[in-house]
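Chain and residue survey
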Amino acid sequence: MTTITRRSFLKGAGMTAGAFAISSVAPMPVFANERSGSAVLTAGRWGAMLVEVKDGKIVSSTNALPQTVENSLQSSAPDQAHTQARVKYPMVRKGYLANPSKPQGTRGDDEFVRVTWEQVYQLIHKQQMRIRKQYGAESVFAGSYGWRSSGILHKAQTLLQRYMSMAGGYSGHLGDYSTGAAQVIMPHVVGSIEVYEQQTTYPMIMEHSDVVVLWGLNPINTLKISWLSTDGAGLEFFHQLQKSNKTIIAIDPMRSETIEFFGDKVQWLAPHPGTDVAMLLGVAHSLVVKKQHDVEFLSKYTSGYDKFEAYLLGQSDGVEKTPQWAESICGVPAKQLELLGDIFSQNRTMIMSGWGIQRQQYGEQKHWMLVTLAAMLGQIGLPGGGFGFSYHYSNGGNPTRNAGVLPAISAEISGSSSAGNDWAVSGAVNAFPVARIVEALENPGGKYQHNGHERTFPEVKMIWWAGGANFTHHQDTNRLIKAWQKPELIVISEPYWTAAAKHADIVLPITTSFERNDLTMTGDYSNQHLVPMKQVIEPQFEARSDLDVFADMAELLKAGGRDVYMEGKSEMEWLAGFYKDAQKIGRANRVAMPNFSYFWKQNQLIEMKWNEENAKFVRYKDFRENPILNPLGTPSGKIEIFSKTIESFGYKDCPPHPTWLPPTEWVGNAKDGELQLMTSHAAHRLHSQLNYAKLRELYAVANREPIWIHPDDAKARGIADGDLVRAFNDRGQVLVGALITDGIKQGSVCIHEGAWPDFDKPHGICKNGGCNVLTADIPSSRLANGCAGNSSLVKIEKWQGEALPLTAFTPPQGA
């Protein structure tokens, strides 16, 4: 761990204290049209790309926008289209095909049989109708979200739900894995979901912030992607921040890619994983003792601070949350916590936080406590001050442009068609928190608490999953596999033989985004560009788009169903309609957009207009200027440090103010030999996407997922760099490659999330290092029921057996 001295810290702070300003983070010019040549312009989660094709195959892809920070994901198009892991044909599990009413064999162990599209359509339709008739609409679970491919038309989950609505309804999901805890707690605290909101802009940070705190976020890694398509502005902002003389403080148990990127420009503090609340409490206590907290701000803009302070000072529970108390938990010296309080309070400070810290048991407390600390500093609503929770996601600080914004296809059927639209269309008839799917399968009809309400799990008999990979994003894989055997039918729509596909009854081959036409915007908040996503190659093998699959299935519901589903439009007619809608909005914003046919032919993107006023956006500015006229969406209209609403729920695992709650598994109660497991975001893939790609060569160790181990922990176990390692606990075991580094807190290890599960049956071990084989499937709390993938203990030892052959990306027998 880097030791921060008062001298080095204050040297950095002194250089930036006062009015520091540089030129705004202005947009860079687009030059895709200058570079396109014979390349086809398209886009993915990792931005606008130029794709080269030769003899019907993709041979290369690169960025279509100027950039100074490399995005490795933009080179992956050839692997996406032509990997050996592609699902080539409609496939049915052999034991299911033999007798769909009483299938034989076990999901995950059976071989597959190729069938025709017509056969598979009829099979799914017949069995779905039987299940619906016997158990009702809520017995059909229409998957959860997934990162799928970019695009406004070919949105897999939406298209699935659109079809399921025509079929009579379905069970859906609540929340997501990314921000499950934070997105539920934040409306109680600040009146909005917060984690998916526009932030104080990059130009305002560059002009006004003296200190930027990176609390558990890794933007150089995570800003390679965006929910729509990345506009690239975030990486450029952090590049400018790196060149500035601002004080940058990174709080992270790992020396992340971002910390490496900043080099000697950053002060790194490494707490024990999962101890952020204790660390924050120690800083808060120092503020109070030194009278550095903003009493006036707390009185005017917050509610319930007095109750929190009584807890902080030990008046309510007998435990004073001093920096020394915090040090004993988080492992950061008390003097450094006091110094943080000095620096935060004496300079304009922006606290940027990531989401990994709330993907833990009691994760709700993390962001609540961060907001509380920011409120105590009194800088919320000031230019360059306060907090922000989406700077590391979708470029949350990039100012919103004057734009013609694309709409997207809806799960609801609208308009008329030649077939008429007199169908009884029903949407979701039940929904449960996405991270509780195994609990739902294990406990059909069971009651559970969620955000103050008692809800009931549906009895799931059929699952159809499109555009997602739950076997990589759900915890405790072995428990999932067991529960996964319970439904009567599981259908997976996928381009690739993922672990979920290998554990299905029916697998449908779906096109990649390079094999169909679509449109997208870059920038979830900025709307910086409108990009054509042109089809660059023919559909591979017998792959079909989700749009065509569900339109075909709709025809089996009733004659004319396809026309109703498609609303009488073809793929290109949908896209032309979406473009015209964006064009109308563009005209209102005085943005010139050519007609659709010209735009599509030109093979160029459209850059939207920079808005100087939007570039000055400061989050919570209006609230700060007049909290009466601009109240927050909380019961009090203020920032709720103590929530009477949450108090009324009576949840022991989510108290009514930010509280340190020791997790069930953490370094503080680790038994001999146990280490804390972190499951951070990987640098060269998007969660599980691209795990099969050549990019794997950049990070794999011994052809496995790497495990980061501190040198002292490795030495104590006789493990050398590059060794095969078995990581294990009561939930399972994985085979990983040792990466020995002092860039991780001693007592902890990290296996990045997203590796495809790949079990060796004789050993019962995941050969590819799938971290969720080891993670606990527990809720963050009964308030949010978020996932807790960063709250697990493991043991590690040098692997003594043979190097088991990797089969994660090999199609199953028969495929």
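Residues numbered from 1 in each chain as written. Predicted model: local features only at pLDDT ≥ 70, side-chain atom pairs only at ≥ 80, totals over all residues. Heavy atoms only, no water.

As recorded by an unreviewed UniProt entry, the chain carries the name Trimethylamine-N-oxide reductase and is attributed to Vibrio furnissii. If you open the UniProt record of the chain and go to Function (unreviewed entry), you find "Reduces trimethylamine-N-oxide (TMAO) into trimethylamine; an anaerobic reaction coupled to energy-yielding reactions." Looking at the Subcellular location (unreviewed entry) heading of the UniProt record, one finds this comment for the chain: "Periplasm". (UniProt positions renumbered as here; feature names shortened; annotations may be inferred.)

All right, on to the overall build of the chain then. On a plain count of helices and strands, the chain comes out with 28 helices and 31 strands. The C-alpha atoms of the chain give 26 Å as radius of gyration, which agrees with the globular expectation for 815 residues (28 Å, within 12%). Across the 815 residues that make up the chain, the buried fraction comes to 64%. Put simply, of all contacts in the chain between residues at least 6 apart along the chain, 76% involve residues at least 24 apart. Within the chain, the 81 negative side-chain charges are centred at a point lying 1 Å from the centre of the 78 positive side-chain charges. (Helix = DSSP H or I, 4+ residues; strand = E, 2+ residues; numbered from the N terminus. Rg over C-alpha atoms; globule rule 2.2 N^0.38 Å. Buried < 20%, exposed > 50% of the residue type's maximum accessible area, 1.4 Å probe, protein only. Contact = heavy atoms within 4.5 Å. Lys, Arg positive; Asp, Glu negative; His and termini not counted. Charge placed at Lys NZ, Arg CZ, Asp CG, Glu CD.)

All right, on to the packing of helix H12 (residues 276-289) against helix H16 (residues 334-346) then. At a closest axis distance of 8 Å, the pairing of H12 and H16 adopts a crossing angle of 65 degrees. The chirality of how H12 crosses H16 is right-handed. Listed contacts from H16 to Met279, Gly282, Val283, Ser286 and Leu287 of H12 are Leu337, Glu338, Leu340, Gly341, Phe344 and Ser345. Of the residues belonging to the contact of H12 with H16, the class tally is six nonpolar, four polar and one charged. (Axes fitted to C-alpha atoms, helices over the stretch in contact; angles between N-to-C directions. Left-handed = near helix turned anticlockwise from the far one by under 90°. Nonpolar A, V, L, I, M, F, W, Y, C, P; charged D, E, K, R; others polar.)

Time to look at the packing of aromatic side chains. Using the criterion set out here, one finds 37 aromatic pairs in the structure. Note on tryptophan 147 and tryptophan 227: the rings are 4.9 Å apart at their centroids and 75 degrees apart in plane angle, and the pair reads as edge-to-face. One end of the pair, tryptophan 147, is in the loop between strand S6 (140-141) and helix H6 (156-167); the other, tryptophan 227, is in the loop between helix H9 (219-222) and helix H10 (233-243), with 80 residues separating them in the sequence. Lying over the aromatic face of tryptophan 227, arginine 45 brings its terminal NZ or CZ to 4.4 Å of the ring centre. Against the face of tyrosine 135 rests lysine 461, its NZ or CZ located 5.0 Å from the ring centre. (Phe/Tyr/Trp six-rings, centres within 6.5 Å; stacked < 30°, edge-to-face > 60°. Lys NZ or Arg CZ within 6 Å of the ring centre and 35° of its normal.)

Most peptide bonds take the trans form, and the phi angle of most residues other than glycine is negative. Phi angles above zero are rare outside glycine, and glutamate 194 is one such case at about 65 degrees. Looking at where glutamate 194 falls in the secondary structure, it is placed in the loop between helix H7 (182-190) and helix H8 (202-208). With a relative accessible area of 0%, glutamate 194 lands in the buried category. Positive phi, normally seen in glycine, also occurs at leucine 690, with a value near 75 degrees. By the element assignment, leucine 690 lies in the loop between strand S24 (675-678) and strand S25 (706-709).

Our next topic: the packing of helix H15 (residues 323-330) against H16. It is the contact of H15 with H16, at a shortest axis distance of 8 Å, that shows an interaxial angle of 120 degrees. Considering how the two elements wind past one another, H15 and H16 form a crossing that is right-handed. Between H15, through Pro323, Gln324, Ala326 and Glu327, and H16, the contact on the second element is made entirely by Ala334, Leu337 and Glu338.

This next bit is on H7. Among the nine residues that make up H7, eight are buried, leaving the element largely enclosed by the rest of the structure. Taken as a whole, H7 has its buried residues at Ala182, Gln183, Val184, Ile185, Met186, His188, Val189 and Val190. Of the surrounding elements, those touching the buried residues of H7 are helix H17 (364-377), strand S13 (386-388), strand S23 (639-640) and helix H27 (644-649). Downstream of H7 by a residue or two, glycine 191 has a phi angle that is positive, lying close to 85 degrees.

This part is about the domain arrangement of the chain. In terms of domains, the chain is made up of domain 1 (39-82), domain 2 (91-175 + 428-522 + 535-562), domain 3 (181-395 + 625-649) and domain 4 (667-798). Distance from the C-alpha centre of domain 1 to the C-alpha centre of domain 3: 36 Å. In this assembly, 14 residues from domain 1 lie in contact with twelve residues from domain 3. When domain 1 packs against domain 3, the two sides together hide about 990 Å² of surface, and 52% of this comes from carbon and sulfur. Taken together, domain 1 and domain 3 are joined by zero salt bridges. Put simply, domain 1 and domain 3 have nine residue pairs in polar contact (both at pLDDT 80 or more) between them. Going through the elements one at a time, strand S1 (40-44) and strand S2 (47-54) are the ones with two or more residues in the side of domain 1 that touches domain 3. (Domains from an automatic or database assignment. Buried area = accessible area lost by both parts, 1.4 Å probe. Salt bridge = Lys/Arg side-chain N within 4 Å of Asp/Glu carboxyl O. Polar contact = N/O pair within 3.5 Å; in protein donor to acceptor, adjacent residues only side chain to side chain.)

Under the feature "domain: Molybdopterin oxidoreductase N-terminal" (unreviewed entry), the UniProt entry names residues 42-82. Helix makes up 15% of residues 42-82 and strand 44%, whereas the separation of the span's terminal C-alpha atoms amounts to 17 Å.

Another point: the sheet that holds S1. Ordered in space as S1-S2-S3, the three strands form an open sheet in which the pairing is antiparallel. Two strands lie at the open edges of the sheet, namely S1 and strand S3 (57-63), each paired on one side alone. In this sheet, neighbouring strand axes are inclined to one another by 40 degrees on average, regardless of whether the strands run parallel or antiparallel. Two elements, S1 and S2, share five bridges in a ladder whose sense is antiparallel. Bridge pairing links alanine 43 to alanine 48 in S2. (Pairing = 2+ DSSP bridges.)

Within the element layout of this structure, asparagine 527 appears in the loop between strand S20 (518-522) and strand S21 (529-533). Once residues lying within four places of it in the same chain are set aside, the contact partners of asparagine 527 are Thr400, Arg401, Ala403, Val405, Met521, Thr522 and Met608.

Bringing the nonpolar core into the picture now. Counting 92 residues, the largest nonpolar core has Met279, Leu281, Phe308, Leu340, Met376, Ile639 and Trp660 as the members making the most contacts within it. Sequence-distant contacts of isoleucine 639, that is, excluding residues within four places in its chain, are made with Val189, Val190, Phe297, Tyr301, Thr302, Ser303, Val371, Ile380, Phe623 and Leu632. One finds Tyr121, Val549, Phe596 and Phe599 within the second-largest nonpolar core, a separate group that totals 57 residues. (Core = buried A, V, L, I, M, F, W, Y, C linked by side-chain atoms within 4.5 Å.)

Taken together, the three strands give an open sheet; going across it, the order is S20-S21-S22, and neighbouring strands pair in antiparallel fashion. Sheet topology places S20 and strand S22 (606-607) at the edges, where each strand pairs with a single neighbour. Strand direction decides the pairing type here: S20 and S21, joined by five bridges, are antiparallel. Paired with methionine 521 across the strands is leucine 530, a residue of S21. Where helix H24 (residues 571-588) meets the sheet, it contacts S20, S21 and S22, and its direction lies at approximately 30 degrees from that of S20.

Below, the discussion takes up helix H5 (residues 117-135). Helix length check: H5 (19 residues) gives 27 Å between terminal C-alpha atoms against 27 Å at 1.5 Å per residue, within 8%. Residues Trp117, Val120, Tyr121, Leu123, Ile124, His125, Gln127, Gln128, Ile131 and Arg132 constitute the buried set of H5. (Expected span 1.5 Å × (residues − 1).)

Most of strand S27 (residues 732-740) is tucked away, with seven of its nine residues classed as buried. Pairing analysis gives six bridges linking strand S26 (residues 724-729) to S27, with the strands arranged antiparallel. Bridge pairing in S27 links leucine 724 to glycine 737. Hairpin connection between S26 and S27: a loop of two residues separates the two successive antiparallel strands.

Structurally, the position occupied by serine 229 is in the loop between H9 and H10. Reaching out from serine 229, the side chain makes a polar contact with the backbone oxygen of glycine 44 at a distance of 2.6 Å. Aside from chain neighbours lying at most four places away, what touches serine 229 is Ala43, Gly44, Arg45, Gly47, Ala48, Ser150, Thr520, Met521, Thr522, Gly523 and Asp524.

Right, let's talk about the state of the cysteines for a bit. Scanning the model with the defined rule gives zero disulfides in all. Residue cysteine 330 stays outside any disulfide, its sulfur separated by 19 Å from that of cysteine 750, the closest cysteine. Note on cysteine 330: relative accessible area 0%, which makes it buried. (Disulfide = S-S within 2.5 Å.)

Right, let's talk about the environment of valine 212 for a bit. Within the element layout of this structure, valine 212 appears in strand S8 (residues 211-215). Placed 137 residues apart in sequence, valine 212 and threonine 349 show a C-alpha to C-alpha distance of 5.9 Å. Excluding anything up to four places from it in sequence, valine 212 contacts Ile205, Leu241, Thr247, Ile248, Ile249, Met350 and Met352.

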